[in-house]
Amino acid sequence: MNVLVVGAGEMGTWFGGTLHASVAYADRDRKAAESAAATTGGRAVDLDTTERFDVVCFAVPISAVSDAIATHAERATHAVVDVTGIMKPAVSAMRTHAPEHERVSLHPLFGATYAPGRIAVVSDESGPVTDRIQSTLLERGNELFETTPDEHDRSMSTVQAKTHAAILAFGLASEPVREEFHTPVSEQLSALTERVTGGDPDVYAEIQAAFGGAEDVAAATRRIAEADAETFETLYRDAR
């Protein structure tokens, strides 16, 4: 099986390195494609390559997924896959531009450095090629579970956008304290802040723009800040 990965960032490199396949990488940044190829034993190709591949995988930023699929889906002969992290526009674009192909949307719910982990799956049009990809992901120790584009994108508002907003808000509002002062809760929040802020801010900005949720976190914080004792007790119980 030969695979083209469009987008040679962290997740594109992870996906290409996970497969038992001949993998080519294409990226607007040629050096990124070359780096991914060197890391995984693949090769770099031009973004406008005319080569055809059994599978084309899209690992581009969320905001670019529809355009990328429209441009590059024609290079696939059997299947198209995405690992962009948003499913409704990705699945819709793959249906439009690769209607005769196998189509699967995958969302690894982890950063590449934390692999393996759970992967959300929408098997829009399954077949032997995408089944083989999913089998390989399972062999690599990942846990796959089925969802729908609507359920996935709705869930991402909570598990990504609101979660990240809350953690970043804590990081912005907190002040340095001696380690001995940390409670079990604050210690975990501080560790989560370090983990989130150790990533790529562009990726987190894309998530916020795609799924929203920060305003809901801000509104909830304001309700807590303005609550009297009785209202606070109600909010506390509602949160639980």
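Residue positions within a chain follow its written sequence, with the count starting from 1. Owing to the predicted nature of the model, reporting of local features is limited to residues with pLDDT of at least 70; listing and counting of side-chain atom pairs is limited to 80 or more, with chain, interface and lining totals taken over all residues. Note: side-chain values were computed over all heavy atoms of the structure, leaving out hydrogens and water.

Enquirer: Would you mind going over the side chain of Thr13 with me for this structure?
Expert: Each helix is a run of DSSP H or I of at least 4 residues and each strand a run of E of at least 2, with the numbering of both proceeding from the N terminus. Here Thr13 shows up in helix H1 (residues 10-18). Judged by relative accessible area, which is 15%, Thr13 ranks as buried. A simple rule labels every residue: compare its accessible area, found with a 1.4 Å probe on the protein chains alone, to the largest value its type can have, and call it buried under 20%, exposed over 50%, or partly exposed in between.

Enquirer: Hey, could you run me through the side chain of Thr147 in this one?
Expert: Take Thr147: it is sitting in the loop between strand E8 (143-146) and helix H6 (149-173). Pairs of N or O atoms are called polar contacts if they sit within 3.5 Å, as long as, within protein, a hydrogen donor faces a hydrogen acceptor (for residues adjacent in sequence, only side-chain-to-side-chain pairs). For Thr147, the side chain forms a polar contact with the side chain of Glu151, separated by 2.6 Å. Note on contacts: a residue pair qualifies if any of its non-hydrogen atoms lie within 4.5 Å across the two residues. Those residues in contact with Thr147 that sit more than four places away from it in its chain are Met87, Ala120, Val121, Val122 and His152.

Enquirer: Mind showing me how you'd approach H1 here?
Expert: One full turn of an α-helix is made of 3.6 residues, so residues set three or four places apart face in the same direction. The buried fraction of H1 is high, at seven of nine residues. Turning to H1, its buried residues number three or more, namely Met11, Gly12, Thr13, Trp14, Phe15, Gly16 and Thr18.

Enquirer: Would you mind showing me how to read the UniProt feature "domain: Prephenate/arogenate dehydrogenase" (unreviewed entry) in the chain here?
Expert: If you check UniProt for "domain: Prephenate/arogenate dehydrogenase" (unreviewed entry), the listed places come out as residues 1-240 in our numbering. The span residues 1-240 is 52% helix and 18% strand, and its two end C-alpha atoms sit 49 Å from each other. UniProt positions are given in the numbering used here, feature names are shortened, and annotations may be inferred rather than shown by experiment.

Enquirer: Any chance you could explain the nonpolar core here in plain terms?
Expert: Burial of nonpolar side chains together is a common tendency in soluble globular proteins. In this description, a nonpolar core means a group of buried Ala, Val, Leu, Ile, Met, Phe, Trp, Tyr and Cys residues linked to one another through side-chain atoms lying within 4.5 Å. Judged by nonpolar contacts, the single largest core of 29 residues is most densely connected at Leu4, Phe58, Ile69, Val80 and Phe211. Ranked by residue count, the leading element in this core is helix H4 (residues 88-97), at four residues. The residues touching Phe211, leaving out its near neighbours within four places in the chain, are Ile62, Gly85, Ile86, Asp153, Met156, Ser157, Gln160 and Ala161. By size, the runner-up hydrophobic cluster in this structure holds 28 residues, among which are Val5, Trp14, Leu19 and Ile133.

Enquirer: Looking at this structure, how should I read the environment of Ala36?
Expert: Looking at the secondary structure, you find Ala36 in helix H2 (residues 30-40). Overall, the relative accessible area of 2% leaves Ala36 in the buried class. In sequence terms Ala36 and Tyr25 are 11 residues apart; their C-alpha atoms lie 7.1 Å from each other. With near-sequence residues (within four places) excluded, Ala36 lies in contact with Ala8, Thr13 and Tyr25.

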